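So you can see what is in the structure, the chains are spelled out below.
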Amino acid sequence: MRFPALALVLFVSLVPCHSQESAQRRACNKTANSPTEMNSCANKELGRTESKLKGVYERLLSKAKQIPGATAKVEAAEKAWIQYRDAYMEALYPEEDKQRAYGTVYPMDYADFCTGLTQKQIEALREMERMYDEEASRQ
């Protein structure tokens, strides 16, 4: 890897600590005996996190419908976040042949970084949801 210090800093800041991993991820990791199995555990965790994001986003959209003009802005914000996430991940792993450049743990690292970013987005959307709830209670 070209940027080991950067990768370490990002890993520590983005990947959730062990206590924040789901029970499913911990159970999967206990039985993983190869890089392929570890990659699979990380990808499953990312899938669960993305599913959670979708649920929070859909709930937020239903609340946004109560505020004039909010729905289009929430949709635009989420679209921009997806573009940011994808660009960030590409910048983090800029090599064209990622598997060769970053090794067998690349899929796991990628999934873990993406999971961390997605968890942060879930929290951001939940904060927006709380603000919309407060706005609705004032009306």
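Here we summarise the structure given alongside this text. (Residues numbered from 1 in each chain as written. Predicted model: local features only at pLDDT ≥ 70, side-chain atom pairs only at ≥ 80, totals over all residues. Heavy atoms only, no water.)

### Quick word on the pattern of salt bridges
Put simply, the test is: Salt bridges are defined as contacts in which a side-chain nitrogen from Lys or Arg sits within 4 Å of a carboxyl oxygen from Asp or Glu. Runs of H or I in DSSP of at least four residues are treated as helices and runs of E of at least two as strands, each being numbered from the N terminus. Residue exposure (1.4 Å probe, protein chains only): buried if accessible area is under 20% of the type maximum, exposed if over 50%, otherwise partly exposed.
This structure, assessed with the given rule, holds 11 salt bridges. We note a salt bridge from Arg 59 to Glu 129, for which the minimum N-O separation is 2.5 Å. Within this pair, whereas Arg 59 is found in helix H3 (residues 35-64), its partner Glu 129 is found in helix H6 (residues 106-138), the two being separated by 70 residues in sequence. We classify Arg 59 as partly exposed; its relative accessible area is 39%. Glu 127 is the salt-bridge partner of Arg 130, the closest N and O atoms lying 2.9 Å from each other.

### Observations regarding the packing of aromatic side chains
Operational definition: Side-chain rings of Phe, Tyr and Trp (the six-membered ring for Trp) are treated as a pair once their centres are within 6.5 Å; stacked means planes under 30 degrees apart, edge-to-face means over 60, and tilted covers the remaining angles.
Per the counting criterion, the structure on display carries 7 aromatic pairs. Geometrically, the ring pair formed by Tyr 93 and Tyr 102 is edge-to-face, given 5.0 Å between the ring centres and 75° between the ring planes. For Tyr 93, a relative accessible area of 2% translates into the label buried. A ring pair is formed by Tyr 93 and Tyr 106, whose centres lie 5.0 Å apart and whose planes are at 85°; its orientation type is edge-to-face. Within this pair, whereas Tyr 93 is found in the loop between helix H4 (70-92) and helix H5 (98-102), its partner Tyr 106 is found in helix H6, the two being separated by 13 residues in sequence. By the burial criterion, Tyr 93 is buried, and Tyr 106 matches it. Taken together, the ring pairs connect Tyr 93, Tyr 102, Tyr 106, Tyr 110 and Phe 113 into an aromatic cluster.

### Brief notes about the nonpolar core
Worth spelling out the cut-off: Remark: nonpolar core denotes a set of buried residues (Ala, Val, Leu, Ile, Met, Phe, Trp, Tyr, Cys) joined through side-chain atoms within 4.5 Å. Only heavy atoms matter for contacts: two residues are in contact if any of them lie within 4.5 Å across the pair.
If you look at the biggest cluster of nonpolar residues, it comprises 25 residues, and the most contacted ones within it are Val 74, Met 89, Tyr 93, Leu 125 and Tyr 132. Those elements that place two or more of their residues in this core are H3, H4 and H6. Sort the elements by how many residues they give to this core and H6 lands first, with 9 residues. Contact partners of Val 74, with chain neighbours within four places excluded, come to Tyr 57, Leu 60, Leu 61, Ala 64, Met 128 and Tyr 132.

Taken by themselves, the reported measurements are silent on function.
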